[in-house]
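If you want the building blocks of each chain, they are given just below.
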Amino acid sequence: MTLGEALAAARGRIDRLDARLLLQFATGCSHSDLLVRPETPVFAPALAQYLEWVERRAAGEPFAYLVGEAEFRGRVFQVSPDVLIPRPETELLIELALQRLQAWPVGRPPRIVDLGTGSGIAAISLALECPQAEVVAVDLSPGALAVARNNAGRLGACVDFRAGSWFAPLAGECFDLIVSNPPYIAAGDPHLALNGLPFEPQLALTDQDQGGNGLACIREIVAGAAEYLQPAGWLLFEHGYDQGAASRNLLTAAGFKAAQTHPDLAGIDRVSVGHR
């Protein structure tokens, strides 16, 4: 089978762009090769891989899990079904954290902890873009921590990874920034059955609180954060499109000042912040 025939075999089954990119990943060819030399034969192992990927993509498996990587802030991160696929909306969390670090005084390095680090995108991005910071990352999943450690090693980021639930591995420590992208989709939400979400780790998507509103993890983080923050330290967390008001209320009730919710580029409430 040739490159052109391989592309044709996926026509009508998966998105045209997905088909092209999967073929490029499987064969190592470029987009120019596909346009200029579609008659190029595809070797059997590469063809078998490509056809398998087409089948899995047609069944709804996310593209990033097929090729094992995804881009975030211009960096390529390894991903697996142990971690959520990076989404551009999370860049807002990084930007807001970096804003609070811009005028950091010379002397003591800022300390940052990323709760529920997953693939490590927040912790690693902050470690690379604020190299003077000391960054700790926590996750309950051994599989997620393995992916995150590998990403940190590949990208040259210095991050202290800890295994455990939320604040459990941080006893006696204090930080200047706590950031988190916790599970916030309500258990049983119909969106969990759409857009490839059934393939992603449910523990990272939903708080598992049957009959709840998706805020159980956020509530736990907000309630415990003050104990682990320096005076005037900041808590920043991502949440669902309809959870801004509830998040601000939780921050205010826990004694945080200047609770605010920031919209993403689509104008959707995405990250809430407050400081001690």
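Q: Please set out the side chain of E238 residue by residue, giving values where relevant.
A: By the element assignment, E238 lies in strand β7 (residues 229-238). For E238, which is buried and forms no salt bridge, the nearest opposite charge comes from R270, at a distance of 4.3 Å. Engagement of the side chain of E238 in a polar contact is seen with the side chain of Y184, the distance being 3.3 Å. Excluding its chain neighbours within four sequence positions, the residues that come into contact with E238 are E89, T90, L93, S180, N181, P182, Y184, I218, R270 and V271.

Q: I'd love a proper account of the pairing of strand β3 (residues 111-115), names of residues and values included.
A: Among the five residues in β3, five count as buried, and that is most of the element. By the alternation rule, side chains of β3 split into R111, V113 and L115 and I112 and D114, which are all buried. The pairing of β3 with strand β4 (residues 134-139) spans five bridges and is parallel. Bridge pairing in β4 links R111 to E134.

Q: I'd love a proper account of the side chain of Q24, names of residues and values included.
A: Examined against the element boundaries, Q24 turns out to sit in helix α2 (residues 16-27). For Q24, a relative accessible area of 17% translates into the label buried. Apart from the residues within four sequence positions on either side, Q24 is in contact with C29, S30, H31 and L34.

Q: Tell me about the sheet that holds β3, and please be specific about residues and values.
A: Strand order in the open sheet made by the seven strands is β5-β4-β3-β6-β7-β9-β8, with mixed pairing throughout. Every other strand in the sheet has two partners, leaving β5 (160-163) and β8 (257-263) as the edge strands with one partner each. The mean inter-strand angle of the sheet, taken between neighbouring strand axes irrespective of direction, is 15°. Here β7 pairs with strand β9 (residues 269-275) via five bridges, running antiparallel. Its bridge partner lying in β9, W234 is registered against H275.

Q: So what's going on with the pairing of β9? Which residues, and what values?
A: Burial analysis of β9 places five of its seven residues in the buried class, the great majority of the element. Two strands pair when backbone bridges link them, and β8 and β9 are joined in this way by five bridges, in the antiparallel orientation. Residue pairing across strands places K257 opposite H275, the latter belonging to β9. As consecutive antiparallel partners, β8 and β9 are separated by five residues, and within that stretch G267 has a phi angle of approximately 80°, a positive value.

Q: Before we move on, could you go through the packing of aromatic side chains and cite the residues and values that matter?
A: What the rule picks out here adds up to three aromatic pairs. With a centroid separation of 6.1 Å and 70° between ring planes, the pair formed by F25 and F63 is classed as edge-to-face. Separated by 38 residues along the polypeptide, F25 in helix α2 and F63 in helix α5 (residues 63-67) bring together distant segments of the chain. Classification of F63 by relative accessible area gives buried; the value is 18%. Between F72 and F77 the ring centres are 6.3 Å apart and the planes differ by 75°, which places this aromatic pair in the edge-to-face class. Across the pair, F77 and F72 agree in class, each one buried. One cation-aromatic arrangement involves R100 over W234; the distance from NZ or CZ to the ring centre is 4.3 Å.

Q: Now, about helix α11 (residues 244-253): what can you tell me, with residues and values included?
A: Residues spaced three or four apart along an α-helix face the same direction, because each turn holds 3.6 residues. Every buried residue of α11 is listed here: G244, S247 and L251. Taken around the axis of α11, the buried residues stretch over an arc of 65°, which confines them to a single face. α11 presents N249, T252 and A253 as exposed residues on the side facing more than 90 degrees away from its buried surface. Contacts from the buried residues of α11 go to α10 (216-225), β7, β8 and β9.

Q: Can you lay out α10 for me, pointing to particular residues and giving the numbers?
A: Three or more residues of α10 are buried, namely C217, I218, I221, V222, G224 and A225. Where α10 is buried, its residues meet β3, β6 (175-180), β7 and α11.

Q: Quick one: what's the story with the nonpolar core, residue by residue and with numbers?
A: Counting 32 residues, the largest nonpolar core has I112, L126, V135, V159, F161, L177 and L236 as the members making the most contacts within it. Elements with a minimum of two residues in this core: α6 (91-99), α7 (121-129), β4, α8 (142-155), β6, β7 and β9. Non-local contacts of I112, meaning those with residues more than four positions away in its chain, are made with L101, L126, A133, E134, V135, V136, F175 and L177. With 27 residues, the next largest nonpolar core counts V136, F175, L205 and Y228 among its residues.

Conventions and cut-offs
- Residues numbered from 1 in each chain as written.
- Predicted model: local features only at pLDDT ≥ 70, side-chain atom pairs only at ≥ 80, totals over all residues.
- Heavy atoms only, no water.
- Helix = DSSP H or I, 4+ residues; strand = E, 2+ residues; numbered from the N terminus.
- Buried < 20%, exposed > 50% of the residue type's maximum accessible area, 1.4 Å probe, protein only.
- Lys, Arg positive; Asp, Glu negative; His and termini not counted.
- Salt bridge = Lys/Arg side-chain N within 4 Å of Asp/Glu carboxyl O.
- Polar contact = N/O pair within 3.5 Å; in protein donor to acceptor, adjacent residues only side chain to side chain.
- Contact = heavy atoms within 4.5 Å.
- Pairing = 2+ DSSP bridges.
- Axes fitted to C-alpha atoms, helices over the stretch in contact; angles between N-to-C directions.
- Phe/Tyr/Trp six-rings, centres within 6.5 Å; stacked < 30°, edge-to-face > 60°.
- Lys NZ or Arg CZ within 6 Å of the ring centre and 35° of its normal.
- Arc of directions from axis to C-beta.
- Core = buried A, V, L, I, M, F, W, Y, C linked by side-chain atoms within 4.5 Å.

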